[in-house]
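Here is what each chain is made of, one letter per residue.
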Amino acid sequence: MKYILVIPVNHKNLGLFRDLENRSDVQIMVAQQKPVKNSVLKFVKRVHNNYSINRIVKLPLRHLWNQKIRFDLDANENYCMIYLDGALPRLDLNYLKRVFALPNTRNVLVLINSMNASSLMMQEAKPLFGQLAWDGIYTFDPGDVKQYGYLPLGLTYYSRRDPEELLRQYPDERRSDLYFTGGLKGGRDDLILSVFKRLDDAGADAEFHLMVWGEKRMQKKLYKEKIDYFSDMKPYEELLAGILRTKVILEIVQEGQSGPSLRYHEAVCYNRKLLSNNPEIVNFPYYDPRYMRYFSSAEEIDPAWVMEDCKVDYGYRGDFSPVKMLDLVAKD
C-alpha cells in the first residue's frame with residue numbers, strides 16, 4: 001500500500017505531518033492557491049478571498065485561484081488517498097471523482113476540525129463532503145463520531161518537535177506562568193479576555209498573543225499594553241518556543257467543538273500543565289488531574305495552581321504521530 005496525503009497549506013506550516021516526510025511509501029501534496037506576482041491581481045485575489053466578505057456571502061469562482069493538483073498513479077500499485085478537510089476547497093472535485101472510480105484507490109476524508117466549528121475553513125469544506133463517495137470519513141472529534149457516525153481518528157495527527165532546536169531558533173529570556181495564543185473567533189472572545197484579567201489581577205505572568213483580522217482590527221483592544229495583538233501569521237515554531245518557556249498552556253476551544261485543539265497535544269508532548277475549557281479532556285489519553293484542569297468561567301481558575309512550579313511528566317509514547325494514522329485509515 002502506498003499513501004498520498006493531501007493537506008492544506010496551513011497544515012504544512014504547522015508541520016503536523018513531518019513524521020511522514022521521509023517515508024518512501026508516503027507522498028504529501030499541498031493544496032493551495034496559485035502564487036500571484038501582479039499587484040493588481042494580488043489585490044483582486046485578496047478581496048475575492050477576504051474572510052469577512054465570504055463569511056457574509058460566499059463569492060463565486062474562488063476555485064480559479066487554486067493550484068491544480070494531479071496524481072501520478074501506477075495501475076499496478078494500491079493507494080490510500082487521504083484528504084484533510086481543509087484541502088477540499090482547493091481541489092477539483094470532478095477530477096477527484098475520476099480518481100475515486102479507480103479500482104486501486106481507497107479514498108478517505110480526515111477531519112481535524114469540528115463539524116460545528118465556526119471557522120471559514122470548515123464552513124467552506126463541509127458542503128463538499130457529500131459530493132464524493134468516500135470509503136471512510138474519520139474525525140478527531142468524539143462529538144462528531146456520535147452525531148454523524150464518522151469513524152474515530154483518535155489524536156493521530158501531531159508530529160513532535162525537538163525542544164532544544166526550538167529554543168535555539170527562538171531564544172527569549174521571558175518565563176511565563178501561562179501562555180496563550182489564538183484568534184479572537186468562535187464565540188470565545190469574552191472568555192479569553194476574562195481569563196487574562198483574572199490571572200493578571202492575581203499577579204500571574206499571563207503571556208497572551210491574540211490574532212485579529214477583518215473588522216476586529218478596528219475594534220478596541222483591551223489590555224493592549226500587556227497583550228500582544230497581531231494580524232499576520234506567526235511561525236508555529238515561535239509559538240512552541242513560548243510554550244517551552246511557560247508552566248501552563250491555556251486551551252480555549254470554539255463553541256461546538258468537543259475534540260482537543262493542538263494545545264492538548266502540545267501539553268502532552270512537551271510536558272506542560274493544561275488549563276482547558278473543554279470538559280472532554282477527562283476522556284482523552286494522558287489525562288492526569290495533577291496536570292490538567294477544566295474550567296467553564298474565569299472565576300473557576302485557581303491562580304495559585306497556575307503559578308505553582310511543578311515537574312510534569314505524562315510519559316508520552318509517541319502515539320499522536322501521524323504514522324499511527326496510516327494503519328488506521330487504510331483499513332476497510
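Look above for the structure.
Residues numbered from 1 in each chain as written. Predicted model: local features only at pLDDT ≥ 70, side-chain atom pairs only at ≥ 80, totals over all residues. Heavy atoms only, no water.

Quick notes on the sheet that holds strand β8 (residues 206–211)
In spatial order, the strands read β9-β8-β7-β10-β11-β12; together these 6 strands make up an open sheet with parallel pairing. Each of the sheet's edge strands pairs with one partner strand only, and the pair in question is β9 (228–230) and β12 (292–294). Sheet twist, expressed as the mean angle between neighbouring strand axes with direction ignored, is 20 degrees. Here strand β7 (residues 176–183) runs beside strand β10 (residues 246–251); their pairing, made up of 3 bridges, is parallel. Residue pairing in the sheet places Tyr179 in a bridge with Ile249 of β10. The sheet contacts of helix α8 (residues 189–201) involve β7, β8, β9 and β10, and relative to β8 the element is tilted by about 160 degrees. Helix α9 (residues 236–244) rests against β7 and β10 of the sheet, and its axis sits at about 155 degrees to β7. (Pairing = 2+ DSSP bridges. Helix = DSSP H or I, 4+ residues; strand = E, 2+ residues; numbered from the N terminus. Axes fitted to C-alpha atoms, helices over the stretch in contact; angles between N-to-C directions. Contact = heavy atoms within 4.5 Å.)

Regarding helix α12 (residues 322–329)
Taken residue by residue, α12 has Pro322, Met325, Leu326 and Val329 as its buried positions. The buried residues of α12 all sit within an arc of 105 degrees when viewed along its axis, so they share a single face. Against the buried residues of α12 lie β1 (2–8), β2 (26–31), β3 (79–84), β4 (105–111) and β5 (136–139). (Buried < 20%, exposed > 50% of the residue type's maximum accessible area, 1.4 Å probe, protein only. Arc of directions from axis to C-beta.)

Here we look at the side chain of His265
Its location among the elements puts His265 in helix α10 (residues 262–269). With near-sequence residues (within four places) excluded, His265 lies in contact with Leu155, Tyr157, Tyr158, Pro260 and Phe320.

Looking at the sheet that holds β3
Within the open sheet, the 6 strands sit side by side as β2-β1-β3-β4-β5-β6. Their pairing is parallel. Each edge of the open sheet is held by one strand with a lone partner, namely β2 and β6 (151–152). Pairing geometry for β1 and β2, over 6 bridges, is parallel. Considered in β2, the bridge of Pro8 is made with Ala31.

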